[in-house]
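# Report on the structure
These are the residues of each chain, in order.
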Amino acid sequence: MTKKRVVIIGAGPAGLTCAYEFLKRTKDYEIIILEQDKQVGGISKTITYNNNKMDLGGHRFYSKNDYINQIWQEILPIQNENYGTNISIKKGNMEENDDVFLIRNRISRIYYSKKFFDYPISLSLKTIQKMGIVTTLESGVSYLKGSIFKRKETNLENFYINRFGKKLYHLFFERYTEKVWGRSPKDIAPDWGSQRVKGVSISTVLKNAVTNFFHLKPKEIETSLINQFYYPKYGPGQMWERMASIIEQKGGKIVTGAEVVKILKKKNKIVGLTYIKNDKKIELNGDIFISSMPLKDFIDITNHIPEAMKNIALHLPYRDFMTIGLVVKKLNLKNETGISTVSNIIPDCWIYIQEPDVLMGRIQIFNNWSPYLVADLEKTISLGLEYFCDEEDSLWNMTNEQFKDFAVSELERMEIVDRNDILDYHVERVKKAYPAYFDSYQQIDQLIEYLNGFDNFYPIGRNGQHRYNNMDHSMLTGIEVVNTILCGSKDKTKIWSVNMENEYLEGK
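Residues numbered from 1 in each chain as written. Predicted model: local features only at pLDDT ≥ 70, side-chain atom pairs only at ≥ 80, totals over all residues. Heavy atoms only, no water.

Applying the stated criterion to the full structure yields 32 aromatic pairs. A ring pair is formed by Trp 181 and Tyr 468, whose centres lie 5.6 Å apart and whose planes are at 85°; its orientation type is edge-to-face. Placement of the pair is Trp 181 in helix α7 (residues 174-181) and Tyr 468 in the loop between α16 (461-464) and α17 (471-486), with a sequence separation of 287 residues. Residue classification places Trp 181 among the buried positions, given a relative accessible area of 2%. Classification of Tyr 468 by relative accessible area gives buried; the value is 6%. (Phe/Tyr/Trp six-rings, centres within 6.5 Å; stacked < 30°, edge-to-face > 60°. Helix = DSSP H or I, 4+ residues; strand = E, 2+ residues; numbered from the N terminus. Buried < 20%, exposed > 50% of the residue type's maximum accessible area, 1.4 Å probe, protein only.)

Pasting the structure below:
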């Protein structure tokens, strides 16, 4: 019997998981994945430079979904639990098994006014001392007022104020949100908050504080409050490279360096596409098409699309991303947490930068994600400095050297690093890293309804669905496509319903 051909555009978490699930459950389909990059993993890939490794966005492997955890552990088993739970783990302390998950402690804090605050904000004595009695009282009154007089959640600002009060919103949410999206929270749909901080509020923080103080077991753990997560020994890309290898072993085909430039539609079906590899145009037909490429790009290269749908897709906004890997001799930040670390550096995986006079959004400390990301663990600290920007703006157009100098100057202004302690750097730019929730996003339901009319087409993943999904959300969209196809259903509701439920999943 001739196998049906499934063509998957994109070898990120969504596309790879979709292919993996097909090959795991049936032999009736020929699977072909086309990936524009030369490396699989999408934004979840691991970048290597001069033996140091970078995680582009900080990818915690944590999910409340048992099936997602099962898939992860099919690919990378968990390292012996006696190893790797302390953030200070050194090389040589563990069994030399490369394809494993480490168990990591989740420590992330906010850096504001040259002080560290818990993330999410906690109501600890330290927080009150750093904020001061007056600000703390103002925050409490503001929260109570916001709890009584609820605002209509027509935008992201009202979403935050309803959960944290106006004072804390101005202190810890407003400026950071503007950094990420380049827009005021007043101009952003509340959907983003609903998907990214679902269930988190001052009341949640209070409950968590009481639970931890009395050592009680919570009924549910909000994702933003988790204390541990899994992490591949050599960064997130290890997961997707290993999954890609299994896909190929099972008969799937992955074509990297393949840029899809044309989608051919006839009536309500996709019948073929054209991609370029090594400057050659190659035509490929298929029976089923699954895509994680940005919706804007997909519509732009597909024939016979109505003007109204083209217009919605054309104005779907994205936020681009720049990050610089920086190897330094030391940090000018003291470890006052009481947590033991290598070289006694601060224990944070992430630092959220809330300083109002800098553009930097977050700092990753790769030593604390995995010791195997750092070439010289004892003598150097490896950082990832994250910036959110728009393609072709002044930041994006800086040379790598200019960008490095700009980032280092911001670190010096925050008294985090001295320029003379910089040993090495590497710059990465990522287009359309974050689907945004403004402009024509307000009309996206019309575009979704139109796309659902394509009998054999399924958009998946963060960019395919234009949703700021986490890694496990993206994986679930691919799994739901396989479920829908194998049961012979035409209903795509479950595919689009991922991350719309009350439970919140996370893998970054």
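More follows now that the structure is in view.
What follows deals with helix α1 (residues 13-25). The end-to-end C-alpha distance of α1, which contains 13 residues, comes to 18 Å, matching closely the 18 Å that a straight helix rising 1.5 Å per residue would cover. For α1, the tally of buried residues reaches 11 of 13 residues, placing the bulk of the element in the interior. When we look at burial in α1, the residues that qualify are Pro 13, Ala 14, Gly 15, Leu 16, Thr 17, Cys 18, Ala 19, Tyr 20, Glu 21, Phe 22 and Leu 23. (Expected span 1.5 Å × (residues − 1).)

Mapped onto the fold, Asn 456 is located in the loop between α15 (444-451) and β19 (457-459). For the pair Asn 456 and Ile 270, spaced 186 residues apart in sequence, the C-alpha to C-alpha distance is 6.6 Å. Sequence-distant contacts of Asn 456, defined by excluding residues within four places in its chain, comprise Asn 268, Lys 269, Ile 270, Asp 287, Ile 288 and Phe 289. One polar contact links the side chain of Asn 456 to the main-chain carbonyl oxygen of Asp 287, over a distance of 3.0 Å. (Contact = heavy atoms within 4.5 Å. Polar contact = N/O pair within 3.5 Å; in protein donor to acceptor, adjacent residues only side chain to side chain.)

So, about the sheet that holds strand β11 (residues 269-277). Strand order in the open sheet formed by three strands is β10-β11-β12, with antiparallel pairing between adjacent strands. Looking at which strands have only one partner, the edges of the open sheet turn out to be β10 (259-266) and β12 (280-285). Between one strand and the next, the sheet's axes are offset by a mean angle of 20°, whatever the strand orientation. Pairing geometry for β10 and β11, over seven bridges, is antiparallel. Bridging from a neighbouring strand, Lys 262 pairs with Thr 274 of β11. (Pairing = 2+ DSSP bridges. Axes fitted to C-alpha atoms, helices over the stretch in contact; angles between N-to-C directions.)

Its identity is not glycine, yet His 304 carries a phi of approximately 60°, on the positive side. By secondary structure assignment, the location of His 304 is in the loop between α11 (295-300) and α12 (307-314). The class for His 304 is exposed, based on a relative accessible area of 62%. The phi angle at Glu 392 is positive, at roughly 75°, despite the residue not being glycine. Note that Glu 392 resides in the loop between β17 (381-389) and α14 (400-413).

The subject of this paragraph is the pattern of salt bridges. All told, the structure shown has 19 salt bridges when counted by the stated rule. Each member of the salt-bridge network shares a partner with another, and the members are Glu 401, Lys 404, Asp 405, Glu 412 and Arg 419. (Salt bridge = Lys/Arg side-chain N within 4 Å of Asp/Glu carboxyl O.)

Counting residues in each nonpolar core, the largest one holds 79 residues, and the members touching the most others are Leu 34, Trp 181, Leu 273, Leu 447 and Leu 451. Ignoring sequence-local partners within four residues, the contact set of Leu 451 consists of Leu 295, Phe 298, Ile 299, Phe 457, Pro 459 and Lys 492. Formed by 41 residues, the second largest nonpolar core is a distinct cluster that contains Leu 23, Met 243, Ile 290 and Val 482. (Core = buried A, V, L, I, M, F, W, Y, C linked by side-chain atoms within 4.5 Å.)

Here we come to helix α2 (residues 66-75). Of the positions making up α2, those classed as buried are Ile 68, Asn 69, Ile 71, Trp 72 and Ile 75. One side of α2 carries all its buried residues, which in axial view fall inside an arc of 160°. Residues of α2 that are buried make contact with α1, β5 (101-105), β8 (228-232), α10 (237-249) and α17. N-capping of α2 is provided by Asn 65, with a side-chain oxygen placed 3.0 Å from the backbone N of Tyr 67. (Arc of directions from axis to C-beta.)

No statement about biological role is implied by the geometric values presented.
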